[in-house]
Amino acid sequence: FGQFALSDASTTALPEDWLCDNISDWSLNFDSTLPVIRLQQEDGRSLGWILGYPITDKGVLIVDKTLVLPREVTQTDLSLEDFIYSFGGRFAVAIVTGGAPRFYLDPCGSLSAVFSGEKRIVASTPGLIPYDDMTTDRCRLARGIGIPATNGMYPLGLTPRRGIDRLLPNHFLDLSRWEVSRHWPKRPLAEPIAVAEAISDIADVVRRNISAIVARKKTRLTLTAGRDSRMLLACARTHVHDIECLTVEIGDEGCQIDCEIASQISHRFKIKHTLLGKVTPAQDDLDEWMSRISYSTGEMRGSSCATAMKRLSGPDHALLKGNAGEIARGFYWFDDDSEDSVIPPERLAFHCHCPPHEEVLSRARHWLETTPAADSLQLLDLFYIEQRLGCWAGVWPYADCEAGFNIFPMCHRGVIERMLRLPTAYRRSGRLMQDIIAREWPELLRWSFNKPHDQGQLTARVRKWANKAAMVS
């Protein structure tokens, strides 16, 4: 579902039922469930494609087959990048004509892509790139990471196969030299932002993105007991009766709390809610789930739903998820980290649940030496974006597609930049999502986050009933 391959050379082993579009010497092959939009100049010449689900800064999910670029956008690389990153949503952009053919990802890398310069192919997953002596399996590293039995990730562009790299968020792929370059940030993000301004701006963008999706697509929202999904619900308040909330019962303690609180919120506000009961995944479904992403990342909770999700229909549904919200909480910060902390390459491997093999450490050293950051905390934030979002959260949606296409309403350059520029103390407090909820739908704060609702009150009621029973006896 929703996969693609782009090449200016002949390709093999692509699914026979895929669609194909050609511009100049380039062929884009893609599954029919993936929207593809041609980019054209005003004179009708085609520049390339937007793949996926771009949302304009006017709050419109583009569904047209062609998009004409304003004349000023094509004049410089900078203006083209400004145009691309005015979009929210889940998308990738291929510019294949002109002097600088390039491939870009959205700010989260949520429509992930891999590439082989030797074979001149960009694809959604490594399995779409033919094997040869240059693209053999990285068996030793694969055994060390342990997918699918772990939540491990291939770090910093590595994939399960040699000669095939994953493109990271904030980077573009030069399609003439087949080299990767960073396009954002070019310099450290040193200017802080006022908390009130960030709350307002982020809420406005998230609300706008959700409205754009609901206006065009049947929409599900994965509702848990966490902060991020509830913030999405708060920003979806005006559309809440056009959205179906979805909670999947996995069977662990955290999921029990998710199911309890999501059910209570949905019942209280009369929101349509589907509680997908626990189903032991069939081995064939687990194998298919991992095969769709070529075993490129571990996601044990997601893959455990492989059979349960097949109960849902609707590949054209949008499935809203709260990924990217953890940027606002310094997800990779340790309690004793500071702006001056030393971040060794082994630390990056640790965050990936990955063994510190030399190939991994070499990439980590290069990334640490070349990434512009105001301080060590911002460095960890950028690693979160480029690794956990780009090499994990952008990968598993290709497998987790039974209920529709995943989309992150917080996937927007403006949202990410504002999160990164929040004061350190505020980010450590983890308050951003609560403050947005308080602004958009304060009644949702009646329920606690990630713990049973009103546990203390429940204990008091149980004690009162027990005392009354004792008196009667």
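Let me begin by describing the structure that accompanies this report.

Definitions and limits used
- Residues numbered from 1 in each chain as written.
- Predicted model: local features only at pLDDT ≥ 70, side-chain atom pairs only at ≥ 80, totals over all residues.
- Heavy atoms only, no water.
- 1 Å grid on protein atoms, 1.4 Å probe; cavity = no way out; pocket = protein on both sides within 12 Å on 5 of 7 lines; lining within 4 Å.
- Points joined across faces, edges and corners; volume = space filled by probe spheres on them.
- Nonpolar A, V, L, I, M, F, W, Y, C, P; charged D, E, K, R; others polar.
- Helix = DSSP H or I, 4+ residues; strand = E, 2+ residues; numbered from the N terminus.

## Quick notes on empty space enclosed by the protein
Counted according to the given criterion, the structure contains three cavities of 30 Å³ or more. Counted as a void, the largest cavity has a volume near 120 Å³. Residue lining of the largest cavity: 13 residues in total, with Phe1, Gly2, Arg90, Cys401 and Phe405 positioned closest to the centre. Across the lining of the largest cavity, the residue classes tally to eight nonpolar, four polar and one charged. Taken as a whole, the second largest cavity encloses approximately 60 Å³ of empty space. For the second largest cavity, the full set of lining residues is Asp285, Glu288, Trp289, Arg292, Ala306, Met309, Lys310, Ala399, Asp400, Cys401 and Glu402. A per-class count over the lining of the second largest cavity returns five nonpolar, no polar and six charged.

## Topic: the layout of surface pockets
In this model, the largest pocket occupies a volume close to 1,200 Å³. Along the wall of the largest pocket there are 41 residues; nearest its centre are Thr224, Glu299, Arg301, Asn323 and Trp392. Of all the secondary-structure elements, those providing two or more residues to the lining of the largest pocket are helix H4 (227–235), strand E15 (243–248), helix H5 (253–268), helix H7 (300–303) and helix H10 (376–393). It is H10 that provides the largest number of residues to the lining of the largest pocket, a total of five residues. A per-class count over the lining of the largest pocket returns 18 nonpolar, 13 polar and 10 charged. Its volume calculated, the second largest pocket comes out at about 450 Å³. Taken together, 18 residues form the lining of the second largest pocket, with Leu156, Leu168, His171, Val180 and His366 sitting closest to its centre. When residues of the lining of the second largest pocket are traced back to their parent elements, those giving at least two are strand E11 (165–166), strand E13 (179–182) and helix H9 (358–370). The element best represented in the lining of the second largest pocket is H9, accounting for four residues.

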